[in-house]
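# Understanding the architecture of this molecule
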Amino acid sequence: MNTLEAILTRRSIRRYKNQPVEKEKIDKILKAAMYAPSSHNSQPWHFVVIDDRETLNKIAEVHPYAKMCREAPVGILVCGDREIENLDGYIALNCAAAAENILLAAHDLELGSVWIAVYPREERIKIFRELFNLPDNILPVAMVAVGYPDEKKNQPERFKPERIHYNGW
């Protein structure tokens, strides 16, 4: 799959087959995440791979938009390290780039995925800090549910030329 095809055909998948994801695929996804751009090439990210069914079910209970975790065989929590990057805004941007690479890599590997926001909602940050016993310097930014898709979505038209401005507004 070429890059543009991956970008244009990737969809948020919320229904998954009852099929485990191979460790080799998770490793490829994480490698892609670590090749994301970051401010000053700081690479402040850490990743928590979640494949424990009980934990995934708990996430589905405590996060209002994570119900798909009941079906997903894997979750990847994308976190930023405040000892590497001290501005939360940059951590969020850097981790967002890593999360996007996770989504695209999963799609390329014929897996489905969906982004589940954590940051900047303090109540969600607290939940994930407690659930995964994160150190104070680790900021949970997003979680991505991953699995073999049990739904197919069409490619909508999202190109809006009226939102493009050249050399000013």
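Here the structure is a predicted model, which is why all the values come from computation and not from measurement. (Residues numbered from 1 in each chain as written. Predicted model: local features only at pLDDT ≥ 70, side-chain atom pairs only at ≥ 80, totals over all residues. Heavy atoms only, no water.)

### What about the pattern of salt bridges?
On inspection of all chains with the given rule, the structure shows three salt bridges. A salt bridge links R82 to D88; its shortest N-O distance comes to 2.7 Å. What makes R82 partly exposed here is its relative accessible area of 29%. The class of D88 is partly exposed, set by a relative accessible area of 24%. (Salt bridge = Lys/Arg side-chain N within 4 Å of Asp/Glu carboxyl O. Buried < 20%, exposed > 50% of the residue type's maximum accessible area, 1.4 Å probe, protein only.)

### A closer look at the sheet that holds strand β3 (residues 112-117)
The antiparallel open sheet is built from four strands, whose spatial order is β1-β2-β4-β3. Because the sheet does not close on itself, it has two edges, and the strands there are β1 (45-50) and β3. Strand-to-strand twist in this sheet, taken as the mean axis angle between neighbours without regard to direction, amounts to 25°. Pairing of β1 with strand β2 (residues 74-81), which is carried by six bridges, proceeds in the antiparallel orientation. (Pairing = 2+ DSSP bridges. Helix = DSSP H or I, 4+ residues; strand = E, 2+ residues; numbered from the N terminus. Axes fitted to C-alpha atoms, helices over the stretch in contact; angles between N-to-C directions.)

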